[in-house]
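Residue-level structure breakdown
So the chains spell out like this:
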Amino acid sequence: MLLEVHQLTKRFGGLVAVNDVSFSVEEGKVNAIIGPNGAGKSTFFNLISGFYKPTSGQIIFKGQDITRLPANQRAKLGIARTFQTTHLFEQSTVFDNVVIGHRLRTSSNLFDAVFRTKRLKREEAECKEKAMEVLEFVGLTDVADKMVANISQEQKKRAAFALALATEPEIVLLDEPAAGVNPDETEGLEQLIVKMVDHGITVCLIEHKMSMIMKIAHKIMVLNYGEKIAEGTPEEIQNNETVIKAYLGG
Ligand code: ADP
Ligand code: MG
């Protein structure tokens, strides 16, 4: 297994946001996480990417215990993520966002990220080349020089993917990538996720759009009030009574 999570728990005061969740991420697949709002999905991603420290439990990436590693080191090891609301600099170009985002994620301090130290100067050329490469991959070459404020919501989602891909990750955590985009655009993002998997990137996907999940997920974990209530193939999840009651019922 590429990534294994053992009995992960995160408490915020009296609230248990993630409660004793174990989960294995299969390499080269789309591993989906679904569940109602407040179920703990984003918190789960924050624990894996190192933005939150778990209350208890263990996170193993490629056999290494990363439970206590800071976020930037996890990014360097090959774990990338997108956020539920895109974190982009609206007044910068798409290209600059990818370059800056890459630095912010992998640098250990802000000084390194913002100022051109000797080492960074050397890395800069590589970084720019990489940025063009990932922008082409996500289909944003044409708008590379546009300000983020002037591109569509769907293009912003693609830009967020590009930022994640710039670190050359082995695994990408996508937090509701299709939220706020129309059905046609959702299909485009769906294809992009499949393309990522075809290129050997493992995907962890949080999404409410069930048509997308059922189409591209290889396996699904269902969270409810912080607890894992089911895990299985799309077909198994669709027919699971507990899941239908808690989430799909509607
Ligand atoms: P989901 O992504 O499934 O909608 P979240 O992981 O965002 O759910 O939130 C799970 C629960 O944890 C919610 O009750 C939320 O209010 C709470 N929570 C998330 N982050 C924090 C935080 N930083 N501080 C306090 N409570 C939080
Ligand atoms: Mg969330």
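First things first, this report covers the structure right here in the doc. (Residues numbered from 1 in each chain as written. Chains lettered and ligands numbered in written order. Predicted model: local features only at pLDDT ≥ 70, side-chain atom pairs only at ≥ 80, totals over all residues.)

**Brief notes about the packing of helix H6 (residues 153-165) against helix H7 (residues 183-198)**
Between H6 and H7, the least distance of the axes is 10 Å, while the angle of their chain directions is 15 degrees. With respect to H7, the axis of H6 lies roughly parallel. Crossing handedness for the pair H6 and H7: right-handed. Along the contact surface, H6 presents Glu154, Lys157, Arg158 and Phe161, while H7 presents Glu185, Gly188, Leu189 and Leu192. Split into classes, the residues belonging to the contact of H6 with H7 amount to three nonpolar, one polar and four charged. (Axes fitted to C-alpha atoms, helices over the stretch in contact; angles between N-to-C directions. Helix = DSSP H or I, 4+ residues; strand = E, 2+ residues; numbered from the N terminus. Parallel < 35°, antiparallel > 145°, perpendicular 65-115°, else oblique. Left-handed = near helix turned anticlockwise from the far one by under 90°. Contact = placed C-beta atoms within 7 Å. Nonpolar A, V, L, I, M, F, W, Y, C, P; charged D, E, K, R; others polar.)

**Some thoughts on the sheet that holds strand E9 (residues 219-224)**
Taken together, the six strands give an open sheet; going across it, the order is E6-E7-E8-E3-E9-E10, and neighbouring strands pair in mixed fashion. Lying at the two open borders of the sheet, with one neighbouring strand each, are strand E6 (79-81) and strand E10 (227-232). If you compare each strand with its neighbour and ignore which way they point, the axes differ by 20 degrees on average. Note: E9 against E10, five bridges, orientation antiparallel. (Pairing = 2+ DSSP bridges.)

**Here we look at helix H1 (residues 41-49)**
Here H1 lies mainly inside the structure; nine of its nine residues are buried. Every buried residue of H1 is accounted for by Lys41, Ser42, Thr43, Phe44, Phe45, Asn46, Leu47, Ile48 and Ser49. Gly50 sits one or two positions beyond H1 and adopts a positive phi of about 90 degrees. (Buried ≥ 20, exposed ≤ 12 C-beta atoms within 10 Å, placed from the backbone.)

**What about the nonpolar core?**
Nonpolar side chains tend toward joint burial in soluble globular proteins. Within the largest apolar cluster, 64 residues are counted, with the highest numbers of intra-cluster contacts made by Val98, Leu135, Ala162, Val172, Val203, Leu205 and Val222. Looking at which element gives the most residues to this core, the answer is H6, with seven residues. Three or more residues apiece are contributed to this core by two domains, here domain 1 (1-78 + 170-250) and domain 2 (84-168). Those residues in contact with Val222 that lie beyond four places of it in its chain are Ile34, Gly35, Lys228, Ile229, Ala230, Ile237, Val243 and Tyr247. (Core = buried A, V, L, I, M, F, W, Y, C linked by C-beta atoms within 7 Å. Domains from an automatic or database assignment.)

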